[in-house]
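Fold and contact review
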Amino acid sequence: MVMVEPIFLLSPPRSFSSVVSSILGQHPELYCFPELHLLYRDDIGHLLSNKSNIKYARFAPSGLLRAIAQVHEGKQDSAACSRAWMWLVNNQSMTSKELFEYLCQPFYPKACIEKSPPNTKTIDRMVRLFKFYPNARFIHLTRSVVGASKSLKEFFEFRRTVHSPAAGHPMVKENYALMWYAMHRNILKFRSIVPPSNFLTVSGEAILSDPRVVLPQICRWLGVSSDSSCIDAMLKPEESPYAFYGPRMAPCGNDPKFITNPEFRQMKRKKYSREVVREFLASNGKPAFTSYYLNKLEDQDAIARLKSWDFSMLELVMDMEAQLGYA
C-alpha cells in the first residue's frame, strides 16, 4: 500500500499527548489517529484475544474501533463501531502492520500520526516500530514529573473508581513518578538507535504555552508547511474527527479530560525549581516511593535497604527531570 512514512509520538501517559497529537493532526498535511493500541500486537487475532479487553469490558481498543469506523463510514456511532468490530473479527489473520497501513492509505499523501502511550512501555515495542518503519519520525513529548505525576494520580483514581481496582494498589498509588521515569528512560535508550535527524524531543509545556513559536519549528522539522494558515488550523484540535467522547461501545480512545473539552487553551507555563521538585517527590523530607511497606516493616535491615533504594530512585528521577530540560 502507498503511504507516507508515519510519525510516532512517544511519551508516558498524561504528558499532553492527546491534545498535542490532535493539534498536529489538524495540519493540512498530517492526519492523527486516536490511540490504536495496535502495533505492539502480532495480528488482529492477537489483539482481540488480549486479556485487557476483558479487564476493561471492551470489544477492542476504543480508538481502533473509532478509526476503522471513520475510515469505512465517515462516522463513529454505535452501529458503525459495531460493524468495525465485526470487520476485525472477520480479518483476524491480518497483521497489525497491515492493518495500520490499511488505515493510513485513505489519507495519502498525508503523513499519519500514532500516539498510543503503551508503545513506550518497553524498548522492544519501540524497536518494533523502527523495524516496521525505519524512516519514520519520532517525537519524544516531555512533561515535568510534577505535572505528570499529579495528572497520573488523577487518572488512576478515575480508573480505580470506574473499572480498575488494581490502580489502587500501593505500588501504583505511590509510584507515579517512577512510571514517568521508567518510560522516559525507555525512550532515551531507544533514541540511540534512531538517526538523529528522525528524532525530536519537545516539551509539551512549550507547545501549549507558546504554540506560535514552537509549532512552526516542529512543522519545519517534519518538512510540512509552517505558514500562518496551517498554524491556525492546528490550533483547532476540537475539529479533529475524534475530539468527542465516542459511543458507548467505543468510548474515549484519547484522554477523557481532553475530549470532554477539546478546544485549545493556551496555558501559563509553570517552572519548578530543583528544590520544589525534590520536595514534591518527598514526604516529611524523605522519599515516599516505598512508604507503604516501610510503615509495615519491623526488620531494621529491610527498612534500611528500602530507605537506601528510595533515596537512589529519588536521585535518578531528579536526574531525569534535569536531562529532559526541567529542574
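What comes next concerns the included structure. (Residues numbered from 1 in each chain as written. Predicted model: local features only at pLDDT ≥ 70, side-chain atom pairs only at ≥ 80, totals over all residues. Heavy atoms only, no water.)

1. Let's talk about the overall build of the chain
Where we set the bar: Where helices and strands are cited, they refer to DSSP runs of H or I of at least four residues and of E of at least two residues respectively, numbered from the N terminus. When accessible area is computed with a 1.4 Å probe and restricted to protein chains, residues below 20% of their type maximum are described as buried, those above 50% as exposed, and intermediate ones as partly exposed. In what follows, residue pairs with any heavy atoms lying within 4.5 Å of each other are defined as contacts. Surface exposure here means Shrake-Rupley accessible area, sampled with a 1.4 Å probe, where a residue is shielded only by the protein chains that are shown.
For the chain, the helix and strand inventory stands at 17 helices and seven strands. By residue count, 53% of the 327 residues in the chain fall in the buried class. Restricting to contacts in the chain with at least 6 residues of sequence separation, those with at least 24 account for 77%. If you sum the accessible surface of the chain, you get close to 15,200 Å²; carbon and sulfur atoms cover 53% of it.

2. Quick word on the pattern of salt bridges
Should the charged atoms of two oppositely charged side chains come close, the side chains can pair. What counts, and what does not: Counted as salt bridges are all cases of a side-chain nitrogen of Lys or Arg within 4 Å of a carboxyl oxygen of Asp or Glu.
Tallied over the full model, the rule gives 11 salt bridges. Across the salt bridge formed by Lys97 and Glu101, the nearest N and O atoms sit 2.7 Å from each other. With Lys97 and Glu101 both in helix α6 (residues 96-104) and four residues apart, the pair spans about one turn of that helix. The salt bridge involving Glu315 is made with Arg278; its shortest N-O contact spans 2.8 Å.

3. Here's the deal with the packing of aromatic side chains
To be explicit about the condition: Each pair of aromatic rings taken from Phe, Tyr and Trp, with Trp reduced to its six-membered ring, is defined by centres within 6.5 Å and is described as stacked if the planes are under 30 degrees apart, edge-to-face if over 60, and tilted in the remaining cases. Two limits define a charge over a ring: the Lys NZ or Arg CZ must be within 6 Å of the ring centre, and within 35 degrees of the ring normal.
Applying the stated rule across the entire model yields 15 aromatic pairs. Considering the side-chain rings of Tyr31 and Phe107, the 3.6 Å spacing of their centres and the 15 degrees angle between planes classify their relative orientation as stacked. Here Tyr31 is found in strand β2 (residues 30-32), whereas its partner Phe107 is found in the loop between α6 and β3 (111-114), with 76 residues between them in sequence. Among the aromatic residues, those joined into a ring-pair cluster are Phe8, Tyr31, Phe33, Phe100, Phe107, Phe130, Phe132, Tyr133, Phe138, Phe190 and Tyr242. Directly above the ring of Phe244 sits Arg66, whose terminal nitrogen or CZ lies 4.4 Å from the centroid. Sitting above the plane of the Trp221 ring, Arg137 keeps its charged end 5.0 Å from the centroid.

4. Notes on the nonpolar core
Note the cut-off: Joining through side-chain atoms within 4.5 Å is the link that ties buried Ala, Val, Leu, Ile, Met, Phe, Trp, Tyr and Cys residues into a set, and such a set is a nonpolar core.
Core analysis: the biggest nonpolar cluster contains 42 residues, and Phe8, Phe33, Leu64, Leu88, Leu99, Phe100 and Phe138 have the highest contact counts within it. If you list the elements that add at least two residues to this core, you get β1 (7-10), α2 (44-48), α4 (62-73), α5 (78-89), α6, α7 (123-132) and α10 (176-191). If we ignore the near neighbours within four places in the chain, the residues touching Phe8 are Leu39, Phe100, Glu114, Leu129, Tyr133, Ala136, Arg137, Phe138 and Ile139. Of all hydrophobic cores here, the second largest spans 31 residues; its members include Phe16, Val20, Ala206 and Val224.

5. Quick notes on the side chain of Thr142
As for its position among the elements, Thr142 is in strand β4 (residues 137-142). With relative accessibility at 1%, the residue Thr142 sits in the buried group.

6. What about the environment of Ile207?
Counting through the fold element by element, Ile207 comes out in helix α11 (residues 204-209). Accessibility expressed as a relative area gives 1% for Ile207, which makes it buried. Put simply, Ile207 and Phe16 are 191 residues apart on the chain and 9.5 Å apart in space, counted from C-alpha to C-alpha. Beyond its immediate sequence surroundings of up to four residues, Ile207 is in contact with Val20, Leu141, Val202, Val214, Leu215 and Ile218.

7. Remarks on α10
The condition that has to hold: Here the expected span of a helix is defined as 1.5 Å times the quantity of residues minus one.
End to end, α10 covers 23 Å across 16 residues, agreeing with the expected 22 Å (1.5 Å per residue, within 8%). The complete set of buried residues in α10 reads Tyr176, Ala177, Leu178, Trp180, Tyr181, Met183, His184, Asn186, Ile187, Leu188 and Phe190.

8. What about the pairing of β1?
Note the threshold: At least two DSSP bridges between two strands are required for those strands to pair.
Along β1, one buried face is formed by Ile7 and Leu9 and the opposite face, lined by Phe8 and Leu10, is buried too. Strand direction decides the pairing type here: β1 and β3, joined by two bridges, are parallel. Pairing of Phe8 across the sheet is with Glu114, part of β3.

9. Focus: α4
In this model α4 runs 16 Å from its N-terminal to its C-terminal C-alpha over 12 residues, within 8% of the 16 Å that 1.5 Å per residue would give. With nine of 12 residues buried, α4 lies mostly within the body of the structure. Positive backbone phi, approximately 70 degrees, marks Gly74, located one or two places after α4.

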